[in-house]
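# A closer look at the structure
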Amino acid sequence: MKKTYSFLLTLLCCLWGVSAYAETINTTAQIVQGQLYQIRPKDSVRGALNASNNTGNAAHAEGHLSSAGATSYTTDKGYKDFVNVAVEADNIYQQFAFVEVDGKHYLYNVGAKAFCYTSNDKGLFSKTQWEAVTLTAITSSGNTAYTLLKFSTSNRALTFSNGGGQHAINMQTNKTASASDGGDILSVTVLAGKTLSADQLAYAKSVISGTLQQAKTLLAATTNTDNRVGYPVASVRTALQEAATTVETQGDNATATAIEALKTAISTYKTTTDINMPVDGKAYRIYSCSPNGEERPLYCTGSQVTGNVSTSAIPGYQEDNTIWICHKTYDSDPSKCLFVNH
């Protein structure tokens, strides 16, 4: 009998331990990358954080954050729109992840495939805007299991409003760890067994990192028929273009494989030694760039060569004196050549 009692007690302790560990988090340090969470206020009648749109809720172009399943304040905007939507762990519009990039965390919604941010007192979600967040444990009496979710740039805390003409999800300043209002202090609950897939996480991180935009910026500098000296050869550019096109075509369903291929193509484009070289017999202009961004051509005056003088400051400036003909030296090193002003 003693052994049975001991076993049951051990089992209960284990279960309690798991429950205490898995139930909620209340600090940034407890965030697990890729884990999904549900966010609710201590005052549970105000529902759960929700990021889906309908006509009544999408007053902002990208969409207001709202509350689902509220049983109070049900006539207020942002509550009433989703009052008939149950609070449930399987609803992807109530599932949030904290995506970490460069040491900062960004609140991401699974259903909307979008990030959360603030605009004045509005809580919004978007595929093109985001704002880092922090979680701070509440210190007020009886509330230490709860957290304050703050947006770092605006220093505003996510709050479930108690009406008064405000939108359900209202971002408020001057909120501290000593907060005690049932709509200010939040429960961030771990959704056991639910995580972002490898593809979802890779996509979300790539948006924050601007991976696709980096590729587009590089590609905008040249074309595949552009043989400008010093730029990667056409095959390297083509590989980058194809990788970027794949990710852009996949959109918010981009795979981790495609994103990794794009990151590799970007790195190759930036570091390759396979670049366009000067061609024997072709004419070139060679420029230096001044600190103010002005391009200054290598110029032959007849008696000297200068490359750091503005053309407007050269007496008797002649455009032909900026033209240099490439002559290969027939050395084994193809990068060696002689430029002659004729």
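The sections below set out a description of the structure shown in this document. Here the structure is a predicted model, which means the values were calculated and not measured.

Reading the values: the criteria
- Residues numbered from 1 in each chain as written.
- Predicted model: local features only at pLDDT ≥ 70, side-chain atom pairs only at ≥ 80, totals over all residues.
- Heavy atoms only, no water.
- Phe/Tyr/Trp six-rings, centres within 6.5 Å; stacked < 30°, edge-to-face > 60°.
- Helix = DSSP H or I, 4+ residues; strand = E, 2+ residues; numbered from the N terminus.
- Buried < 20%, exposed > 50% of the residue type's maximum accessible area, 1.4 Å probe, protein only.
- Lys NZ or Arg CZ within 6 Å of the ring centre and 35° of its normal.
- Core = buried A, V, L, I, M, F, W, Y, C linked by side-chain atoms within 4.5 Å.
- Contact = heavy atoms within 4.5 Å.
- Salt bridge = Lys/Arg side-chain N within 4 Å of Asp/Glu carboxyl O.
- Disulfide = S-S within 2.5 Å.
- Pairing = 2+ DSSP bridges.

## Observations concerning the packing of aromatic side chains
- A complete count under the given rule lists six aromatic pairs for this structure.
- A centroid spacing of 5.8 Å and a plane angle of 65 degrees characterise the contact between phenylalanine 115 and tryptophan 130, whose relative ring orientation is edge-to-face. Here phenylalanine 115 is found in strand E7 (residues 114–119), whereas its partner tryptophan 130 is found in the loop between strand E8 (122–126) and strand E9 (132–137), with 15 residues between them in sequence.
- Residue classification places phenylalanine 115 among the buried residues on the basis of a relative accessible area of 1%.
- With a centroid separation of 5.4 Å and 25 degrees between ring planes, the pair formed by tyrosine 299 and tyrosine 317 is classed as stacked. Of this pair, tyrosine 299 sits in strand E17 (residues 299–300) while tyrosine 317 is found in the loop between strand E18 (305–306) and strand E19 (324–328), placing the two residues 18 residues apart along the sequence.
- Classification of tyrosine 299 as buried rests on a relative accessible area of 2%.
- The ring of tyrosine 231 carries arginine 228 above its face, with NZ or CZ at 4.7 Å from the centroid.

## A word on the nonpolar core
- Residues Val99, Tyr108, Phe115, Leu196, Leu240 and Leu262 are the most contacted members of the largest nonpolar core, which totals 33 residues.
- Once you skip the residues sitting within four places of it in the chain, tyrosine 108 turns out to touch Gln95, Phe96, Ala97, Val99, Lys113, Ala114, Phe115, Leu196, Tyr203 and Ala204.
- Counting 28 residues, the second largest nonpolar core, distinct from the first, contains Ile39, Ala51, Ile169 and Met171.

## Considerations on the pattern of salt bridges
- Counted under the stated rule, the structure contains 10 salt bridges.
- Note that aspartate 90 and lysine 194 form a salt bridge whose closest N and O atoms lie 2.6 Å from each other. Of the two residues, aspartate 90 sits in the loop between strand E4 (66–68) and strand E5 (96–101) while lysine 194 sits in strand E13 (residues 186–195), which places them 104 residues apart along the sequence.
- Arginine 285 is paired through a salt bridge with glutamate 319; the nearest N and O atoms lie 2.8 Å apart. Taken as a pair, arginine 285 in the loop between strand E14 (283–284) and strand E15 (287–289) and glutamate 319 in the loop between E18 and E19 lie far apart in primary sequence, 34 residues in all.
- Assessed through its relative accessible area of 37%, arginine 285 is described here as partly exposed.
- Taken together, the salt bridges that share partners define one network made up of Asp43, Arg46 and Asp181.

## Examining the state of the cysteines
- Applying the stated criterion to the full structure yields zero disulfides.
- Looking at cysteine 326, it has no disulfide partner, and the nearest cysteine sulfur is the one in cysteine 337, 4.0 Å off.
- For cysteine 326, a relative accessible area of 0% gives the class buried.
- Taking relative accessible area as the criterion, cysteine 337 reaches 21% and is therefore assigned partly exposed.

## Let's talk about the pairing of strand E10 (residues 147–151)
- Burial runs high along E10: five of the five residues are buried.
- The pairing of E9 with E10 spans five bridges and is antiparallel. Opposite threonine 136, over in E10, you have leucine 148 as the bridge partner.
- Two strands pair when backbone bridges link them, and E10 and strand E11 (residues 156–160) are joined in this way by two bridges, in the antiparallel orientation. Residue pairing in the sheet places lysine 150 in a bridge with alanine 157 of E11.
- Counting the residues between successive antiparallel strands, the hairpin from E10 to E11 contains four residues, one of them, asparagine 155, with a positive phi of roughly 60 degrees.

## A short note on the sheet that holds strand E20 (residues 337–340)
- Taken in spatial order, the three strands of this open sheet run E14-E19-E20, and their pairing is antiparallel. Pairing within the sheet leaves two strands with one partner each, and these edge strands are E14 and E20.

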